[in-house]
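# Working through the structure, step by step
Listed below, chain by chain, are the residues.
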Amino acid sequence: MSPKPNARPARLSTHLAALGLSLAAGLAHAEPLPAVVDKVLLQQPSVRSAQALLRAAEAQIVQVRSDFLPSLGLAYRNSDSRDETLGNPIDRNVRRTDATLRWNVFNGATDTNRLRAAGFTRDAADADLDTVLEQVAYEITENYSDVVRLRQLIDSLQATIASQERVEASVAHRVDAGRIASSELDLMRVRLIQNRTLLGQLRAQLGTAEYRYRLLTGQAPESLVAPSILPAPAPTDTDPVEALVERIHERNPRLRAALQRAAARQADVGAARGLFFPSVDLSYSKRLDNTTIPVPTADTQRAAQLGVNLDIPLGGKNVGRHTEAVERHQAARADADDLMLKVSKDITDLYRQYTEARSIATQLEQRVTAAQRVAGAYELHFEAGRRSLNDLSIAQGDLFDAQRNLIENRAQQTTLQAQLLGLAGELRDALRSRYRPSPIAPELLGTRYVSPALAAAPMPVLEAPPPPQVDLIDAAPSVDPAIRARLDAWTAAWTAGDFDAYRALYTADFQPGKGRSTAAWEAERRERVTHASSPRIRIDTLSTRSSKADRVVVRFTQHYSAAQYKDTVRKQLEWVKTDGQWKIASERVLPAPAAPRIE
């Protein structure tokens, strides 16, 4: 029976349902990445060292502040002496107690600048602590993703080896029956040896990654799930790269620490300049007690003295100190400028890599699905004698390469995004607020066995009822594959809660209608798309009309469900080709068709 014009693909919904059931039990006991980071972050030696340096910087501020206060001195004297009075020796004991209060009232603002320098140094130490925390969080994220990546690669490769072993057994049976040459069996064994060698290499890499995970976290990597971080909202009025560079320049902890150290060196210049001025000290001395036994003829019992000390610096020592402070400030400023250039370059490179990895992700999944169909078809063709063993072996190798590229792309997206967030000092916050598990479906990894007949079968279709008579657009005999792919991407982005991918399918100047602005529509859709609970979207009764080569109108029935909410509407999307890509220029909900009369 030939498929009808309004037939819809059913395999996607079947796969999504199977994926939800298979992952529910595993995710219930999986340890998410944010929990691991929060548990072990403050236990790292580098974090404890940075915390100690911050406390030392705070103690230095206390020391400098004490220079603003006067100093109090107490002197006690107890002496024995032998005196002669009119030729008669006298043994005399003298006990005296003196107090002195000394206060520096002017030193050219040296103490003030030293306090400023200590404050900037403390701020730099605080930024250093943020740098270490972000760096450790990134190292844990990278290692966590690496362990998950290697485990997925091993599972996928083991599934490939199992498939090749089934083919090897079939080939061996044919060789024993004399139906094919023994060289075919040798070919299959060569491919198996190659994959088993690769499996051993991956297991060695996994052992190293798991050992590093234990060193970082102090625990075994038992229940890990593929991590991902939802992207932050992209600015619509500026270039995203420039906006990202500007944000990271403001929030990068390393750059902030370098700028604070440059400010501290500038304060040191002011402190060194103050040494050129005279130092004025105010002192007050008072004798508290004077006891002499026996009492002399004349002695001072009580006394008070007020004095002013003026110290004028001479020589070239202070000139050298000032020159040293100036040069250190220039060096610190140059280091900060150099760091800013490096950070800007790193941001640009990482962001380009991240956007490229995200843009190719959907195509990699499509490649895996296509490679699975090809490998299943070639296995059936080989059994029927229509394909050579070499063709089948190449198809199986291509399937594993596609799965490997998909796995590494997922891990690359996570690590690149973590690097960008770490540069902005936002990785820890993003792990707490925007983290979500993102496992790859077992069907894509090949870890769930699918018979070659099912894998190679074309996508099944289900018959749909004819469109209502009030529909003004005639059903097209077929839907443009490009339009269908973009429509599938639209529903996939919506169900995944990926607003950036969802928004990218609309034109930049999309007008939502009903007097609403584009910004208001974006805010509303972002809230609904990202906060929907387990949304599901099904489309049927699809019809298209094309008035121009670059404009297509698509109408369909949309069945939406999420949590406790469900609805079914007729919708119309107007697609226009912009820069070689189909995008939505208009979207509106159509009125429900009238119920047919029953005679």
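Rules behind the numbers
- Residues numbered from 1 in each chain as written.
- Predicted model: local features only at pLDDT ≥ 70, side-chain atom pairs only at ≥ 80, totals over all residues.
- Heavy atoms only, no water.
- Helix = DSSP H or I, 4+ residues; strand = E, 2+ residues; numbered from the N terminus.
- Buried < 20%, exposed > 50% of the residue type's maximum accessible area, 1.4 Å probe, protein only.
- Contact = heavy atoms within 4.5 Å.
- Areas by Shrake-Rupley, 256 points an atom, 1.4 Å probe, with all protein chains shown as cover.
- pLDDT = per-residue confidence, 0-100.
- Expected span 1.5 Å × (residues − 1).
- Pairing = 2+ DSSP bridges.
- Axes fitted to C-alpha atoms, helices over the stretch in contact; angles between N-to-C directions.
- Phe/Tyr/Trp six-rings, centres within 6.5 Å; stacked < 30°, edge-to-face > 60°.
- Lys NZ or Arg CZ within 6 Å of the ring centre and 35° of its normal.
- Core = buried A, V, L, I, M, F, W, Y, C linked by side-chain atoms within 4.5 Å.
- Parallel < 35°, antiparallel > 145°, perpendicular 65-115°, else oblique.
- Left-handed = near helix turned anticlockwise from the far one by under 90°.
- Nonpolar A, V, L, I, M, F, W, Y, C, P; charged D, E, K, R; others polar.
- Salt bridge = Lys/Arg side-chain N within 4 Å of Asp/Glu carboxyl O.

Per the secondary structure count, the chain includes 15 helices and twelve strands. A buried classification covers 39% of the 599 residues belonging to the chain. Here the analysis covers contacts within the chain between residues at least 6 apart in sequence; of these, 76% occur between residues at least 24 apart. Surface summary for the chain: the accessible area is close to 33300 Å², and the carbon and sulfur share equals 54%.

So, on to the confidence of the model for the chain. Residues of the chain with pLDDT of at least 70 account for 86%, and the chain-wide mean is 82. Taken together, the stretch residues 1-29 has pLDDT below 50 and engages in 42 contacts with residues farther than four places along the chain or on a different chain. The low-confidence segment residues 595-599 (pLDDT under 50) makes zero contacts with residues lying over four places distant or belonging to another chain.

Turning to helix H9 (residues 389-423), a few remarks are in order. Every α-helix carries 3.6 residues per turn, so stepping three or four residues along brings you back to the same face. Helix length check: H9, at 35 residues, gives a terminal C-alpha distance of 51 Å against a target of 51 Å (1.5 Å per residue), a fit within 8%. Just past H9, the residue Gly 425 takes up positive phi, approximately 70 degrees.

Across the sheet, which stays open at both edges, the four strands sit in the order E9-E10-E11-E12 with antiparallel pairing between neighbours. Looking along the sheet, the strands with just one partner apiece sit at the ends: strand E9 (536-548) and strand E12 (581-590). Neighbouring strand axes in the sheet, compared pairwise and without regard to direction, differ in orientation by 25 degrees on average. Against the sheet, helix H13 (residues 481-496) makes contact with E9, strand E10 (551-562), strand E11 (565-578) and E12, and its axis sits at roughly 145 degrees relative to E9, the strand it touches most.

The next subject is the packing of aromatic side chains. In this structure the tally under the stated criterion is twelve aromatic pairs. Following the ring pairs from residue to residue traces out a cluster consisting of Trp 490, Trp 494, Phe 499, Tyr 502, Tyr 506, Phe 510, Trp 521, Phe 556 and Tyr 560. Over the aromatic face of Phe 382 sits the side chain of Arg 174, whose NZ or CZ is 4.5 Å from the ring centroid. Here the basic side chain of Arg 525 rests over the ring of Trp 494, its NZ or CZ set 4.9 Å away from the ring centre.

Counting residues in hydrophobic clusters, the biggest one holds 55 residues, and the most contacted among them are Leu 33, Val 37, Ile 140, Tyr 144, Leu 157, Leu 202 and Leu 427. Listed by contribution, the elements that provide at least two residues to this core are helix H2 (33-40), helix H3 (45-65), helix H4 (110-176), helix H5 (182-217), helix H8 (317-383), H9, helix H10 (427-433) and helix H11 (442-445). The greatest single-element share of this core, amounting to 15 residues, is contributed by H4. Ignoring anything within four residues of it in the chain, the contact list for Leu 157 reads Asn 195, Leu 198, Leu 199, Leu 202 and Phe 400. By size, the runner-up hydrophobic cluster in this structure holds 24 residues, among which are Phe 499, Leu 505, Ile 537 and Phe 556.

Attention now goes to the environment of Arg 486. With respect to the element layout, Arg 486 can be found in helix H13. Sequence separation between Arg 486 and Lys 583 is 97 residues, and the spatial gap between their C-alpha atoms is 8.0 Å. Ignoring any residue separated from it by four or fewer positions in sequence, one finds Arg 486 in contact with Ala 504, Leu 505, Trp 575, Gln 581, Trp 582 and Lys 583.

This next bit is on the packing of H4 against H5. Where H4 contacts H5, the axes come no closer than 8 Å and their chain directions differ by 160 degrees. Considering their axes alone, H4 and H5 lie roughly antiparallel with respect to each other. Remark: the crossing between H4 and H5 carries left-handed chirality. Residue composition of the contact of H4 with H5, grouped by class: 22 nonpolar, eight polar and 13 charged.

Quick look at the sheet that holds strand E6 (residues 303-311) now. Overall, antiparallel pairing links the four strands, which are arranged E2-E3-E5-E6 in an open sheet. The outermost strands of the open sheet, each flanked by one partner alone, are strand E2 (71-85) and E6. Here the strands of the sheet are splayed against their neighbours by 25 degrees on average, with no regard to which way each runs. For strand E3 (residues 88-106) and strand E5 (residues 279-293), the ladder comprises 13 bridges, and the chain directions are antiparallel. Among the inter-strand pairings, Val 94 is bridged to a residue of E5, identified as Thr 292.

The next subject is the pattern of salt bridges. Going through the model one piece at a time under the given rule, you end up with 34 salt bridges. Measuring nitrogen to oxygen at the nearest pair gives 3.1 Å for the salt bridge that ties Arg 287 to Asp 98. Taken as a pair, Arg 287 in strand E5 and Asp 98 in strand E3 lie far apart in primary sequence, 189 residues in all. Residue Asp 98 is classed as partly exposed on the basis of its relative accessible area of 24%. When the shortest N-O distance is used, the salt bridge between Arg 151 and Glu 210 registers 3.0 Å. Placement of Arg 151 in helix H4 and of Glu 210 in helix H5 is noted, with a sequence separation of 59 residues between them. Its relative accessible area of 23% is what places Arg 151 among the partly exposed residues.

Next up on the list: H5. Here H5 contains 36 residues, and its C-alpha end-to-end distance of 52 Å stays within 8% of the 52 Å for a straight helix at 1.5 Å per residue. In the stretch just after H5, Gly 218 is the one whose phi turns positive, near 75 degrees.

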